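Descriptive structure summary
Read off the chains here:
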Amino acid sequence: MVMSLACAHSEAGAHGLGGAALQTALDRAERRCVETGERLTAPRRRVLELLLQAGQPIKAYDLIAAFGADGEAAKPPTVYRALDFLERSGMAHRIASISAYVACARDEGAHAAAFLICDCCGDTREIETGALDLTESATSRGYVLDRVTIEAHGRCPACAAP
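Here's what I pulled together on the structure shown here. Just so you know, these numbers come straight off a predicted model, no measurement behind them.

It is worth spelling out unusual backbone geometry at this point. The phi angle of most residues is negative, glycine excepted, and most peptide bonds adopt the trans form. A positive phi angle is found at serine 99, which is not glycine, with a value near 50 degrees. Its location among the elements puts serine 99 in the loop between β1 (92-95) and β2 (100-103).

As summarised here, the arrangement of the 3 strands in space is β4-β3-β5, forming an open sheet in which the pairing is mixed. Each having just a single partner strand, β4 (124-127) and β5 (149-154) make up the two edges of the open sheet. When the angles between neighbouring strand axes are averaged without regard to direction, this sheet yields 20 degrees. Where strand β3 (residues 113-118) and β4 come together, 4 bridges link them in antiparallel fashion. Bridged to alanine 114 within β4 is isoleucine 127.

Take helix α4 (residues 76-88) next. Spanning 13 residues, α4 covers 18 Å between terminal C-alpha atoms, matching the ideal 18 Å at 1.5 Å per step. Looking at α4, one finds that the buried residues are Val79, Ala82, Leu83, Phe85, Leu86 and Glu87. Those residues of α4 that are buried lie in contact with α1 (19-36), α2 (42-54), α3 (60-66), β1 and β2.

Here we take up the pairing of β2. Taking every second residue as pointing to the same face, both faces of β2 are buried, with Ala100 and Val102 on one and Tyr101 and Ala103 on the other. Where β1 folds back on β2, the antiparallel hairpin that results is connected by 4 residues, among which serine 99 adopts a positive phi of roughly 50 degrees.

Another point: the environment of glutamate 49. Among the structural elements, glutamate 49 can be located in helix α2. Setting aside residues no more than four positions away along its own chain, glutamate 49 makes contact with Leu22 and Leu26.

The final tally for this structure, using the stated rule, is 4 salt bridges. Residue arginine 46 pairs with glutamate 49 through a salt bridge whose shortest N-O separation is 3.1 Å. Within this pair, arginine 46 and its partner glutamate 49 are both found in helix α2, separated by 3 residues, close to a single helical turn.

Between α1 and α2, the shortest axis-to-axis distance is 10 Å and the interhelical angle comes to 140 degrees. Put simply, α1 runs oblique to α2. The hand of the α1/α2 crossing is right-handed. Contact residues: α1 offers Leu22, Gln23, Ala25, Leu26, Asp27, Ala29 and Glu30, while α2 offers Arg45, Leu48, Glu49, Leu52 and Gln53.

Moving on, we get to a nonpolar patch on the surface. A cluster of nonpolar side chains, Leu134, Tyr143 and Leu145, forms an exposed patch at the surface whose accessible area comes to about 290 Å². Assignment of secondary structure puts tyrosine 143 in the loop between α5 (134-140) and β5.

One pass over the structure, following the stated rule, counts 0 disulfides. Unpaired in this structure, cysteine 121 has its nearest cysteine sulfur neighbour in cysteine 118, at a distance of 3.7 Å.

With that settled, consider α1. For α1, with 18 residues, the first-to-last C-alpha span of 26 Å sits near the 26 Å given by 1.5 Å per residue. For α1, the complete set of buried residues consists of Leu22, Ala25, Leu26, Ala29, Arg32 and Cys33. Mapping the buried residues of α1 onto a view down its axis gives an arc of 115 degrees, with all of them on the same face. Facing away from the buried side of α1 by over 90 degrees, the exposed positions are Gly19, Ala20, Val34 and Glu35. Against α2 and α4 lie the buried residues of α1. Following α1 by one or two positions, glycine 37 has its phi on the positive side, about 75 degrees.

Rules and cut-offs
Residues numbered from 1 in each chain as written. Predicted model: local features only at pLDDT ≥ 70, side-chain atom pairs only at ≥ 80, totals over all residues. Heavy atoms only, no water. Helix = DSSP H or I, 4+ residues; strand = E, 2+ residues; numbered from the N terminus. Pairing = 2+ DSSP bridges. Axes fitted to C-alpha atoms, helices over the stretch in contact; angles between N-to-C directions. Expected span 1.5 Å × (residues − 1). Buried < 20%, exposed > 50% of the residue type's maximum accessible area, 1.4 Å probe, protein only. Contact = heavy atoms within 4.5 Å. Salt bridge = Lys/Arg side-chain N within 4 Å of Asp/Glu carboxyl O. Parallel < 35°, antiparallel > 145°, perpendicular 65-115°, else oblique. Left-handed = near helix turned anticlockwise from the far one by under 90°. Patch = residues over 30% accessible without salt bridge, like charges linked within 9 Å, V, L, I, M, F, W, Y side chains within 5 Å. Areas by Shrake-Rupley, 256 points an atom, 1.4 Å probe, with all protein chains shown as cover. Disulfide = S-S within 2.5 Å. Arc of directions from axis to C-beta.

Dropping the structure here:
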């Protein structure tokens with residue numbers, strides 16, 4: 001998949017959190033961990049913070065590079081362990097088709113995630129899966145699913161506009 005380097009519109013990817021909204025999201029994540037008996041360790045919190053600030057999918061190597069507050073890169077296992085935890089706990093999703101991670105837009109723990117991904121500008125939105133319930137379908141066939149991620153590629157409204 002190839003994304004264009006520049007789009008005719010300037011709003012692509014402007015969905016990240018900052019300030020009070022970022023702090024609220026991190027506090028909510030901390031509470032979720034306490035409720036489930038988990039710990040939001042400093043590395044897990046930092047990776048989640050970076051994902052929330054980005055607001056769009058970000059590759060693991062970019063997280064590794066941005067990890068240190070002083071600009072120092074993290075050791076890869078630190079970031080990958082944090083990403084694994086965040087994904088298992090439903091606070092982040094891996095988008096396989098673009099080899100990137102994104103903070104979960106919903107606050108309900110693990111769930112089936114569906115994404116609309118613009119192949120032009122890279123804008124990515126998590127959407128409701130609606131009537132599509134793969135978990136129920138799988139269960140009725142004897143499968144036990146750990147996680148479901150649906151990825152739909154196309155062009156966002158700005159890129160599709162004539």
